[in-house]
Amino acid sequence: MYNNTFGNLFRLTSFGESHGKAIGGVIDGFPAGIVIDMDFIQQELNRRRPGQSAITTARKEADEVEFLSGIYEGVSTGCPIGFAVWNTNQHSNDYDNMKDVYRPSHADYTYTEKYGIRDHRGGGRSSARETIARVVAGALAKLALRQLGIQITAFTSQVGPYILEKDYTQYDLTRIEENSVRCPDQELAAKMADYIYKIKGEGNTIGGVISCVIKGCPIGLGQPVFGKLHAALGNAMLSINAVKGFEYGQGFGSMEQKGSEQNDIFYNENGKIALRTNRSGGIQGGISNGEDIYFRVAFKPVATVLMEQPTVDRLGNETILKARGRHDPCVLPRAVPIVEAMAAMTILDYYLLNKTTRL
Ligand SMILES: C=C(O[C@@H]1CC(C(=O)O)=C[C@@H](OP(=O)(O)O)[C@H]1O)C(=O)O
């Protein structure tokens, strides 16, 4: 078994390898009658695409999406939406020395052990290039959520030692596209960018944290036991390449407080039930409570470093590998739209599931 499908009612099946012909997908369960804003979908792909700044991989791809089905006269028909983004700029020879030699901490080893065969070029199926399909499906989900008044914004909140100190309510989140790192604090963003550039010069990589906030989510999304909304968001985020951690609300930070300090107190605001604080992060008992949903996603420094490291080949012979190719010294800036896309797909899926709860 090899599971390439995400979602329950709104579903994406993705296909493709980094150096194959195309990356694409089939989306099923997308509601009919949604006006498809092609410019918006392309903008989302542009936020993810390689070669967008000096601190990302230099691979040159336009990443233009071609829709094959499910859209008629600019409107979704409710039929499966097929799409492809054609690969045009593969440098497969860069990977010759990695055909039978494993990059430390990369998927090279486990893929080979599991399947006995692997397309090693550009990381093949394990390449983050697969996330193109998620961004296309996420952009469609965002268009549907927009009609429902639900908005999703992610931003870089940490790169290595550089940390955004305040919480998301203290920043203007409309300004994250004003710098190459996608951090709402412009001064800190400049420091982060310089640091990534320095790391790149060393042939090394660095990790960090992406924060995300979902506004306008109605009450009731999520199932009480195995389909908790935060578990679904965690599943979505942990499926992104290089992700190591997920926390929502105050997450691990809440361990330092007593229950009386941590609880969100209810009160009556002119006949409406309201909360004085939102430490729960918009989800209680696995179900959305109508407050902002916020969470953090930790990314490790990506495995491919352009410096010598000891490793082994497929037969277990010890050797030294110096990886080649065009790689991201830090995936955070390009992962911001991917986090948003996975959140959008999850929220739309859980919105549709919630419609099956009562008559
Ligand atoms: C091309 C993308 O990212 C790629 C992800 C990647 C890897 O090992 O994951 C290796 C590189 O591939 P290549 O050597 O072909 O340039 C990256 O550039 C993309 O995300 O669009």
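What counts, and where the lines are drawn
- Residues numbered from 1 in each chain as written.
- Predicted model: local features only at pLDDT ≥ 70, side-chain atom pairs only at ≥ 80, totals over all residues.
- Heavy atoms only, no water.
- Helix = DSSP H or I, 4+ residues; strand = E, 2+ residues; numbered from the N terminus.
- Rg over C-alpha atoms; globule rule 2.2 N^0.38 Å.
- Buried < 20%, exposed > 50% of the residue type's maximum accessible area, 1.4 Å probe, protein only.
- Contact = heavy atoms within 4.5 Å.
- Areas by Shrake-Rupley, 256 points an atom, 1.4 Å probe, with all protein chains shown as cover.
- Lys, Arg positive; Asp, Glu negative; His and termini not counted.
- Charge placed at Lys NZ, Arg CZ, Asp CG, Glu CD.
- Pairing = 2+ DSSP bridges.
- Axes fitted to C-alpha atoms, helices over the stretch in contact; angles between N-to-C directions.

Here's the deal with the overall build of the protein
If you tally the helices and strands in the protein, you get seven helices and 18 strands. A compact globule built from 359 residues would reach a C-alpha radius of gyration of about 21 Å, and the protein, at 21 Å, matches this within 12%. If one aligns the C-alpha atoms of the protein with their principal axes, the spans along those axes are about 70 × 50 × 40 Å. Classification of the 359 residues of the protein by burial places 52% in the buried group. Pairs at least 24 residues apart make up 70% of the contacts formed inside the protein by residues separated by at least 6 positions. With an accessible surface of roughly 17,500 Å², the protein has 52% of that area assigned to carbon and sulfur atoms. Of the side-chain charges in the protein, 39 are positive and 39 negative, and the distance between the mean point of each set is 2 Å.

Thoughts on the sheet that holds strand S16 (residues 293-299)
The strand order across the open sheet formed by five strands is S9-S8-S10-S16-S11, and the pairing between neighbours is antiparallel. Every interior strand has two partners, whereas the edge strands, strand S9 (162-163) and strand S11 (243-248), have only one. The sheet contact formed by S11 and S16 spans five bridges and is antiparallel. In the sheet register, Tyr248 faces S16, and the bridge partner there is Phe295. Most of the contacts of helix H5 (residues 229-238) go to S11, to which it runs at about 160 degrees, and overall it touches strand S10 (208-215), S11 and S16. Packing against the sheet, helix H7 (residues 332-354) makes contact with strand S8 (151-159), S10 and S16, and its axis sits at approximately 145 degrees to S8.

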